[in-house]
Amino acid sequence: MFNRSRRNLARWFTLSMGGILAVFAGTLYYQEAIEQLEVIDLLLYKKARVIAGNVQYKMHQGQMRVFLKNVPLLGSNPPPPDSEVIYARWYDAKGKLKQFFGVPPQEHLSKTFEFQTIKTTNYLSFSSSPVIWLRQITLPVQYKGHLIGYLQMAMPMTRAQESLSKFLLLLVLTVLIALGVTSLAGWFLGGLAMQPIRYSYEQLQRFTANASHELRAPLAAILSNAQVGLLTNIDNSSSKHLRLEKIAEVSKSMNTLIGNLLFLARQVGRLAPESLHETDLNDLLRELISSQSTRIAAQHLDLKSDLPKQPIVLKADSELLYLAVMNLLSNACKYTPAGGLVNLRLFKYHRVVIQIEDNGIGIPAADLPHIFERFYRVDKQRTRAAGGFGLGLAIAQQIIEAHGGHLSVKSELGQGSLFQIELPLN
Ligand code: ADP
């Protein structure tokens with residue numbers, strides 16, 4: 001129980017810290033991507049300014065004309081070997097393509113100063129991927145305030161992408177390591193948080209165990225006195241006899257309650273391996289059925305059992321397991337009206353399963369999540385009359401969990417209930 005809560009605390013702590021880390025890492029990555037883009041844009045802008053600065057606009061045959069002869073990339077000089085520019089294009093003031101270096105354009109020029117990210121098929125030798133991303137600038141070029149044309153050029157984003165991928169890998173690794181550390185811290189903090197709860201729980205358990213133990217002796221005295229009184233008072237109809245009978249009956253019932261409370265207070269956690277012995281479940285269930293046969297016949301119930309031919313043997317505390325199944329079987333009989341059917345099944349897949357099914361009164365859906373709680377009874381009047389304290393299921397669950405198993409229930413009001421015990425094979 002405490003370990004489950006501790007695990008849950010650690011899990012939620014790790015998840016929430018993981019969420020915060022992921023948002024933080026995402027923001028860092030976004031910032032880095034923007035910075036990389038700004039670096040490319042600045043470089044591209046500087047290169048475009050240098051090229052545009054070499055464009056000549058002068059009088060020729062009585063008309064002002066643009067000369068690109070001495071312009072890097074667009075002119076007659078070969079491009080420098082270290083130029084990263086993929087293409088450069090010159091458009092006239094009307095947006096008509098006049099000269100280009102690299103690949104010709106596929107779309108019309110948009111006549112505004114802008115940076116664009118373009119995805120294109122790879123025609124570069126230095127990258128093996130089938131597509132590459134380019135950053136393109138479109139720069140309107142003016143001479144003395146007069147628009148003389150547009151320069152468009154692009155550079156690959158490969159280097160920025162590579163550095164971003166490295167950054168992403170670093171971020172992922174950092175987040176994973178931080179998550180690992182966080183989950184360890186969560187586990188440790190969960191342990192610290194559970195300490196006072198565990199302490200008060202243990203105190204409560206100790207108090208219940210001690211109080212129950214102390215109540216046993218006076219109760220035994222009351223019961224034995226009542227029984228002696230009954231033996232000496234032979235007149236069965238006298239009011240004194242009836243009172244003594246009532247005292248004996250209530251004392252017995254209190255004795256059962258104290259026994260149950262003692263069990264719940266003492267049996268905490270998993271059973272020690274030395275208390276587990278090879279137990280043949282077929283035998284155990286057959287014995288249980290025969291012990292209940294008189295009661296079942298008296299209640300006019302039909303008890304069917306479906307046990308496998310081969311024995312199913314596992315390590316268990318047979319007395320405790322017997323008590324758990326007994327509680328479930330006796331509930332099925334208690335809450336099934338005369339003429340009803342109770343089914344007991346045993347089978348094995350990767351776990352051993354014992355099912356106790358009845359077609360009795362069933363349990364309302366609102367009560368189902370609580371029925372394993374101590375002293376919880378669905379219909380208090382009715383269960384009290386049936387002799388129940390609301391501890392039978394809590395005891396059964398504690399026993400099954402002490403064996404590393406799981407007890408679950410499915411029920412429908414008016415239709416019946418199915419209690420299922422799952423036990424690990426080893
Ligand atoms: P009790 O000793 O009062 O039967 P349990 O812990 O065994 O206490 O059961 C808790 C409550 O669950 C009962 O009061 C009863 O209302 C309900 N319950 C348990 N088993 C069944 C069943 N097979 N069919 C209907 N109700 C059930």
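Residues numbered from 1 in each chain as written. Predicted model: local features only at pLDDT ≥ 70, side-chain atom pairs only at ≥ 80, totals over all residues. Heavy atoms only, no water.

Novice: Quick question: what am I supposed to make of the sheet that holds strand S11 (residues 341-348) here?
Specialist: Pairing between the strands of a sheet comes from backbone hydrogen bonds, and it takes one of two forms, parallel or antiparallel. If you walk across this open sheet you meet the five strands as S9-S11-S12-S14-S13, and the pairing is mixed. The open sheet has two free edges, formed respectively by strand S9 (302-306) and strand S13 (406-412), since each of these has just one partner strand. Mean inter-strand twist for the sheet, computed between neighbouring axes without regard to direction, equals 10°. Relative to strand S14 (residues 416-424), strand S12 (residues 351-358) runs antiparallel, the two sharing eight bridges. What sits directly across from Val-353, in S14, is Glu-422. (Pairing = 2+ DSSP bridges. Helix = DSSP H or I, 4+ residues; strand = E, 2+ residues; numbered from the N terminus. Axes fitted to C-alpha atoms, helices over the stretch in contact; angles between N-to-C directions.)

Novice: Looking at this structure, I do not really get the packing of aromatic side chains. What am I missing?
Specialist: The description of an aromatic ring pair uses the distance of the two centres, along with the angle that the planes make with each other. Evaluated as defined, the whole model comprises four aromatic pairs. Aromatic side chains Tyr-45 and Phe-113 sit 6.0 Å apart centroid to centroid with 65° between the ring planes, which places their arrangement in the edge-to-face category. You can see Tyr-45 sitting in helix H1 (residues 2-53) and its partner Phe-113 sitting in the loop between strand S4 (97-101) and strand S5 (114-121), a full 68 residues away along the chain. Between Tyr-57 and Tyr-143, the ring centres sit 5.3 Å apart and the planes meet at 65°, which makes this aromatic pair edge-to-face. Of this pair, Tyr-57 sits in strand S1 (residues 56-60) while Tyr-143 sits in strand S6 (residues 131-143), and the two are 86 residues apart along the sequence. Given a relative accessible area of 16%, Tyr-57 falls into the buried group. One cation-aromatic arrangement involves Arg-6 over Trp-187; the distance from NZ or CZ to the ring centre is 4.1 Å. Cation over ring: Lys-58 sits above Phe-67, and NZ or CZ is 5.1 Å from the ring centre. (Phe/Tyr/Trp six-rings, centres within 6.5 Å; stacked < 30°, edge-to-face > 60°. Buried < 20%, exposed > 50% of the residue type's maximum accessible area, 1.4 Å probe, protein only. Lys NZ or Arg CZ within 6 Å of the ring centre and 35° of its normal.)

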